[in-house]
Amino acid sequence: DGGITQSPKYLFRKEGQNVTLSCEQNLNHDAMYWYRQDPGQGLRLIYYSQIVNDFQKGDIAEGYSVSREKKESFPLTVTSAQKNPTAFYLCASSLTRDATEAFFGQGTRLTVV
Amino acid sequence: RKEVEQDPGPFNVPEGATVAFNCTYSNSASQSFFWYRQDCRKEPKLLMSVYSSGNEDGRFTAQLNRASQYISLLIRDSKLSDSATYLCVVGADNFNKFYFGSGTKLNVKP
């Protein structure tokens, strides 16, 4: 079955550590996105990528980094520079033509301990 | 100003009621419009796309008003299972970014 997979589902990080969240899709989508959601709030865009080896900052990119070495994969690293990383992280993908929707992974819940 | 704005609610309605949500967007060049449903602690899932001519899917009807820059979602004959947060989503004019509203929470009571 085609879809978008995030791992792990739950992640605990000590302060000062970098952690990497995985996102893989087999939908042959060109565009991939990372969003952050805080309790009771909407989704905020961290980074997005339209094509392999290219990505752009979203609205809240500080303290995060990404790579897009393969079309299928768009990992997100939460660095120690991110001061408040505890949140629900959602990866999505979409086609970049026509008015097509975004498909989401099941999310990773990151907690700093 | 936010790209997409929604009333956060909650909307508390009895089963069988009709409820409507509105959402406004700021970029007049936006090309695509959607309603997503998000259950607690889950990922958003597409409920329906919104077309200029309006569209209906069972108990759900979506409308787009480009002149006033808002989209709406109407739910008829509400079910307990409709309880969720409904996210308004607007695609950028070049299809490479999506902007999400903060969501409207619906509670359907027996």
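For the structure itself, consult the block above.
Reference entry: report on the structure contained in this document.

Residue and element names in this part refer to chain A. With antiparallel pairing, the four strands of this open sheet are ordered in space as β1-β3-β8-β7. This sheet does not close on itself; its edge strands, each paired only once, are β1 (4–7) and β7 (64–66). If you compare each strand with its neighbour and ignore which way they point, the axes differ by 20 degrees on average. Pairing of strand β3 (residues 19–25) with strand β8 (residues 76–78), which is carried by three bridges, proceeds in the antiparallel orientation. In the sheet register, L21 faces β8, and the bridge partner there is L76.

What follows deals with the nonpolar core. The biggest cluster of nonpolar side chains holds 25 residues, and the ones touching the most others in it are F21, W35, I71, L73, I75, Y86 and L106 of chain B. Counting only elements with at least two residues in this core, the list comes to β3 (19–25), β4 (32–38), β7 (60–65), β8 (70–75), β9 (84–91) and β11 (104–109) of chain B. Counting residues in each nonpolar core, the second largest holds 19 residues, with V19, Y64, V78 and A87 of chain A among its members.

Across the boundary between the two partners, chain B contributes 18 residues, which contact 23 residues of chain A. The contact between chain B and chain A buries some 1,800 Å² in all, and 57% of this surface belongs to carbon and sulfur atoms. Seen at the junction of chain B and chain A, the total is zero salt bridges. Among the elements of the structure, β4 and β10 (98–100) of chain B are those that each provide at least two residues to the side of chain B that touches chain A. Among the elements that take part in the side of chain B that touches chain A, β4 of chain B stands out by supplying four residues, more than any other. A class-by-class count of the residues in the side of chain B that touches chain A yields eight nonpolar, six polar and four charged.

The rules we used
- Residues numbered from 1 in each chain as written.
- Chains lettered and ligands numbered in written order.
- Predicted model: local features only at pLDDT ≥ 70, side-chain atom pairs only at ≥ 80, totals over all residues.
- Heavy atoms only, no water.
- Pairing = 2+ DSSP bridges.
- Helix = DSSP H or I, 4+ residues; strand = E, 2+ residues; numbered from the N terminus.
- Axes fitted to C-alpha atoms, helices over the stretch in contact; angles between N-to-C directions.
- Core = buried A, V, L, I, M, F, W, Y, C linked by side-chain atoms within 4.5 Å.
- Buried < 20%, exposed > 50% of the residue type's maximum accessible area, 1.4 Å probe, protein only.
- Contact = heavy atoms within 4.5 Å.
- Buried area = accessible area lost by both parts, 1.4 Å probe.
- Salt bridge = Lys/Arg side-chain N within 4 Å of Asp/Glu carboxyl O.
- Nonpolar A, V, L, I, M, F, W, Y, C, P; charged D, E, K, R; others polar.

Any functional reading would require information beyond the geometric quantities listed.
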